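# Structural characterization, general
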Amino acid sequence: MELKSNAPSGPIQDRWDNHRFSIKLVNPANKRKYNIIVVGTGLAGASAAASFGELGYNVQAFCYQDSARRAHSISAQGGINAAKNYTNDGDSVYRLFYDTVKGGDFRSRESNVYRLAQLSVNIMDQCVAQGVPFAREYGGYLANRSFGGAQVSRTFYARGQTGQQLLLGAYQALQRQVGAGKVVVHSRTEMLDLVVVDGMARGIVTRDMVTGKIEAHAADAVVLATGGYGNAYYLSTNAKGCNATAIWRAHRRGAFFANPCYNQIHPTCIPVAGEYQSKLTLMSESLRNDGRIWVPKKVGDKRAPGEIPENERDYYLERRYPSFGNLVPRDVASRAAKKVCDEGRGVGSSGLGVYLDFADAIGRLGQEAIRDRYGNLFHMYEKITGEDPYQVPMRIFPAIHYTMGGLWVDYNLMSNLPGLFVLGEANFSDHGANRLGASALMQGLADGYFVIPYTIGNYLASANLVNCPVDTNHASFKEALDEVREQTNKLLSIQGKRTVDSFHRELGKVMWEHCGMARNAEGLRQALEEIPRIREEFWRDVRVPGTGSELNQSLEKAGRVADFLELAVLLCRDALDRAESCGGHFREEFQSEEGEALRDDEDFQYVAAWEFKGTDEEPELHKEHLEFEYVKPSTRSYK
């Protein structure tokens, strides 16, 4: 089956405007007749729910945190991209479009990416109007800085707290609609299944994480904005609560999962300190604006960084990529760090680290200027490591961060299941095989504020749902409720000897070793043997204490790890099937003499969308072939 993107034709700069004019609208009086469920209250979910409420729809929003404002978007640090060209350095909508397609290694859909670049300028106007406290220049203009994969300064920021400030802006818009009675927020509530009626998404099944109550909710459309699946690797920069349950359960109900092997390794994380760690901490990519990355030239050099003279340091990114230097994209920087560490030139006690040095910038600009730009990040680093980055270089190493794969959606952000829309990191649509820094916040807000309010109306106006009412008494809701209760009871009844975390950690080690920064066919096949074994033992020997009628974090984790154990198989299968290197998917068999990724455009210029056929059955592959009219695929070079 070849998937259709439903992207409009014509000049790319006119496609979104023409599409908005051609799609159907719902008049204001009729909007009050429709009910929409939004799962997730990060930037994409909060902005979508607020926009729906403002338009007049009846909205139920669900989040597993104690407050909608605690979504993981709050952790984004460095900034948000927008093609405003305030610095007058040559930026434009087209250049942002070009950089994003190239940065994604020519594995994204052109129409979606151009729309994203167009909407970036609207996002900034919206957020400034909301009072988001972006950094400003002396004259009052919003300040910009550079990020990886671009040679212009287009990233707007609020020190190292950009995600937090943007989320507070979306949260206040959401709370306005809560106060108006158009949005009801269900906090501490987790989605555990999608309900499909006559081939259309018509509701969800949830569990109240405090009381344990399992119940169903019906709607005319369901919007998933639940983030990515990086925690399948156990150690990642994601909060421990981040999970893939919502999108995976939707996948089991028929939604295609696209490009699961595209996961991003962030080059700027604090290295692992010991086995006790349960997550990793991100240091913003913005630090690469002023920090210089280096390792000793000599293998095994364990001298303190201040004792190593300049002529014995290898500023390897500046050496290998003179045009972009330390601002190469994340996938390129991560592989380069791995290479020098594999050569035995890594720093720190483990040898798995490189230096991010601010001495030159402090000497040039002064310590106060650096403190103004990155003070909270420097403070966080010192609190975690006990080292003062104003005095000694930071130590960083790559770690799992973001996932470019997700549920397949068309140009309207609707999955192959009618009525199921997917936003932000939960979908696959805009980043291709690699996301450029500061583009996640841009995509989440573009999807929520400016795309889904139009496209969901087109679906509701076309589907004639007013004349096809469905409530929770329908047999499909009863079936989904029974399945959720059955799995919950099964997890509680096993009473084995191993903790949930022990299984999660074991899975993470397999994934990092065989499907991490580099993959090869032999390792992937080994992972595809080991993961089912871990899953079988999980269902035989996991111990989940407590009951289902109370606050039970072990039960929450168990359901999520059960999903990760299934998703990990699909991730490795997709990585094995894609016999090329592109972006965050680096197959060791497919690289140039200089260690760069080698794409195979003839055989793999498509989106791989997988259909679930059963836990132990082979998934079915569907393809959406990608066409490039404007940015022709070429060797991706940052030299």
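Residues numbered from 1 in each chain as written. Predicted model: local features only at pLDDT ≥ 70, side-chain atom pairs only at ≥ 80, totals over all residues. Heavy atoms only, no water.

### Some thoughts on the state of the cysteines
What counts here: Only a pair of cysteine sulfur atoms within 2.5 Å qualifies as a disulfide here. Relative accessible area decides the class of each residue, using a 1.4 Å probe on protein chains only: under 20% of the type maximum gives buried, over 50% gives exposed, and in between gives partly exposed.
Applying the stated criterion across every chain, the model contains 0 disulfides. Distance from the sulfur of C515, which forms no disulfide, to the nearest cysteine sulfur (C572) is 4.3 Å. Accessibility expressed as a relative area gives 0% for C515, which makes it buried. Looking at the unpaired C582, the closest cysteine sulfur is the one in C261, lying at 6.5 Å. Judged by relative accessible area, which is 0%, C582 ranks as buried.

### Some details on the packing of helix α6 (residues 162–179) against helix α12 (residues 440–463)
Note the threshold: Orientation is described by lines fitted to C-alpha atoms, with helices fitted over the stretch in contact, and by angles between N-to-C directions that extend from 0 to 180 degrees. Strands here mean DSSP runs of E at least two residues long; helices mean DSSP runs of H or I at least four residues long; both are numbered from the N terminus. By the definition adopted for this analysis, an angle is roughly parallel if under 35 degrees, roughly antiparallel if over 145, roughly perpendicular if from 65 to 115, and oblique otherwise. Contact between two residues is taken to exist if any of their heavy atoms lie within 4.5 Å; hydrogens are not considered. Polar here means any residue outside two lists: the nonpolar Ala, Val, Leu, Ile, Met, Phe, Trp, Tyr, Cys and Pro, and the charged Asp, Glu, Lys and Arg; Gly therefore counts as polar.
Running from amino to carboxyl end, α6 crosses α12 at an angle of 10°, the nearest separation of the two axes being 11 Å. Between α6 and α12, the crossing angle belongs to the class labelled roughly parallel. In this structure, α6 contributes T162, G163, L166, G169, A170 and A173 to the contact, and α12 contributes L441, L445 and Y449. Partitioned by chemical class, the residues of the contact of α6 with α12 number 6 nonpolar, 3 polar and no charged.

### Overview of the sheet that holds strand β7 (residues 200–208)
What holds strands together in a sheet is hydrogen bonding between their backbones, with the strands either parallel or antiparallel. Spelled out, the test is: One requirement defines pairing of two strands: DSSP has to find at least two bridges between them.
Pairing is antiparallel in the open sheet, where 3 strands are placed in the order β6-β7-β8. Edge positions in the open sheet fall to β6 (189–197) and β8 (214–218), since each of these has one partner strand only. Here the strands of the sheet are splayed against their neighbours by 30° on average, with no regard to which way each runs. Relative to β7, β6 runs antiparallel, the two sharing 8 bridges. Following the sheet pairing, T189 is matched in β7 by D208. Contacting β6, β7 and β8, helix α13 (residues 475–493) crosses the sheet at an angle of about 140° to β6.

### What about the packing of aromatic side chains?
Filter applied, for reference: Paired rings are identified among Phe, Tyr and Trp, the last through its six-membered ring, by centres lying within 6.5 Å, and are further divided according to the angle between planes into stacked (under 30 degrees), edge-to-face (over 60) and tilted (the rest).
Under the counting rule described, the total for this entry stands at 24 aromatic pairs. Between F97 and Y114 the ring centres are 5.2 Å apart and the planes differ by 70°, which places this aromatic pair in the edge-to-face class. Of this pair, F97 sits in helix α4 (residues 93–103) while Y114 sits in helix α5 (residues 110–130), and the two are 17 residues apart along the sequence. Accessibility classification places F97 together with Y114 in one group, the buried group. Summarising the aromatic geometry, the rings of F358 and F378 are spaced 4.9 Å apart at their centres and angled 65° between planes, so their arrangement reads as edge-to-face. Taken as a pair, F358 in the loop between β14 (354–357) and α10 (359–365) and F378 in helix α11 (residues 367–385) lie far apart in primary sequence, 20 residues in all. Residue class for F358 comes out buried when judged on its relative accessible area of 1%. Assessed through its relative accessible area of 1%, F378 is described here as buried.

### Observations concerning the side chain of S334
Along the chain, S334 falls in helix α9 (residues 330–342). A relative accessible area of 2% means that S334 is categorised as buried. For S334, the contacting residues outside a window of four places in its chain are I265, H266, P267, P398 and M517.

### Description of the sheet that holds strand β16 (residues 406–407)
Taken in spatial order, the 4 strands line up as β16-β10-β18-β19 in an open sheet, and their pairing is antiparallel. On the outer flanks of this sheet lie β16 and β19 (620–625), each paired with one strand and no other. Pairing of strand β18 (residues 606–611) with β19 involves 6 bridges; the strand directions are antiparallel. Looking at the pairing, A608 lines up with K623 of β19. Running at roughly 145° to β18, helix α16 (residues 553–577) makes contact with β10 (257–258), β18 and β19 of the sheet.

### Notes on unusual backbone geometry
Positioned with a positive phi, N85 is a non-glycine residue whose angle comes to about 55°. Tracing the sequence through the fold places N85 in the loop between β3 (80–81) and α4. Taking relative accessible area as the criterion, N85 reaches 25% and is therefore assigned partly exposed. For D198, which is not a glycine, the phi torsion comes out positive at approximately 50°. Relative to the assigned elements, D198 resides in the loop between β6 and β7. Residue classification places D198 among the exposed residues on the basis of a relative accessible area of 73%.

### Quick notes on the pairing of β14
Residue alternation in β14 divides its side chains into two sets, V354 and L356 and Y355 and D357, and both sets are buried. By the bridge criterion, 3 bridges tie strand β12 (residues 292–296) to β14 in an arrangement that is antiparallel. From the neighbouring strand, R292 faces β14, where its bridge partner is D357.

### Overview of the nonpolar core
Here is the rule we go by: We call a set of buried residues a nonpolar core when its members are Ala, Val, Leu, Ile, Met, Phe, Trp, Tyr or Cys and they connect through side-chain atoms within 4.5 Å of each other.
Within the largest apolar cluster, 174 residues are counted, with the highest numbers of intra-cluster contacts made by F52, I80, L224, L420, L460 and I531. Element by element, the count of residues in this core is highest for α16, at 13 residues. F52 has contacts with I36, V38, Y57, V59, V223, I452, P453 and I456, leaving out every residue within four places of it along the chain. If you look at the next biggest cluster of nonpolar residues, it comprises 10 residues, including V195, V197, F477 and V484.

### Thoughts on helix α14 (residues 500–515)
Our working definition: What a helix should span is 1.5 Å times the count of its residues minus one.
Helix length check: α14 (16 residues) gives 22 Å between terminal C-alpha atoms against 22 Å at 1.5 Å per residue, within 8%. Turning to α14, its buried residues are V500, S502, F503, H504, L507, G508, V510, M511, H514 and C515. Residues of α14 that are buried in the fold lie against β11 (263–269), α15 (521–541) and α16.

### Structural notes on the environment of P133
With respect to the element layout, P133 can be found in the loop between α5 and β4 (155–156). Along the backbone, P133 and L166 are 33 residues apart, and their C-alpha atoms lie at a distance of 8.8 Å. When sequence neighbours within four positions are dropped, the list of residues in contact with P133 reads A158 and Q165.

### Some words on the pairing of strand β2 (residues 58–62)
Test applied: A crossover counts as right-handed when, viewed with the strands pointing away from the observer, the path leading from the first strand over the helix to the second turns clockwise.
Taken together, the 5 bridges between strand β1 (residues 35–39) and β2 define a ladder with parallel strand orientation. Across the sheet, residue V39 finds its bridge partner in β2, namely F62. Each parallel crossover has a hand, and the one from β1 via helix α3 (residues 43–55) to β2 is right-handed. Across 4 bridges, the pairing between β2 and strand β5 (residues 183–186) is parallel. Residue pairing across strands places F62 opposite H186, the latter belonging to β5.

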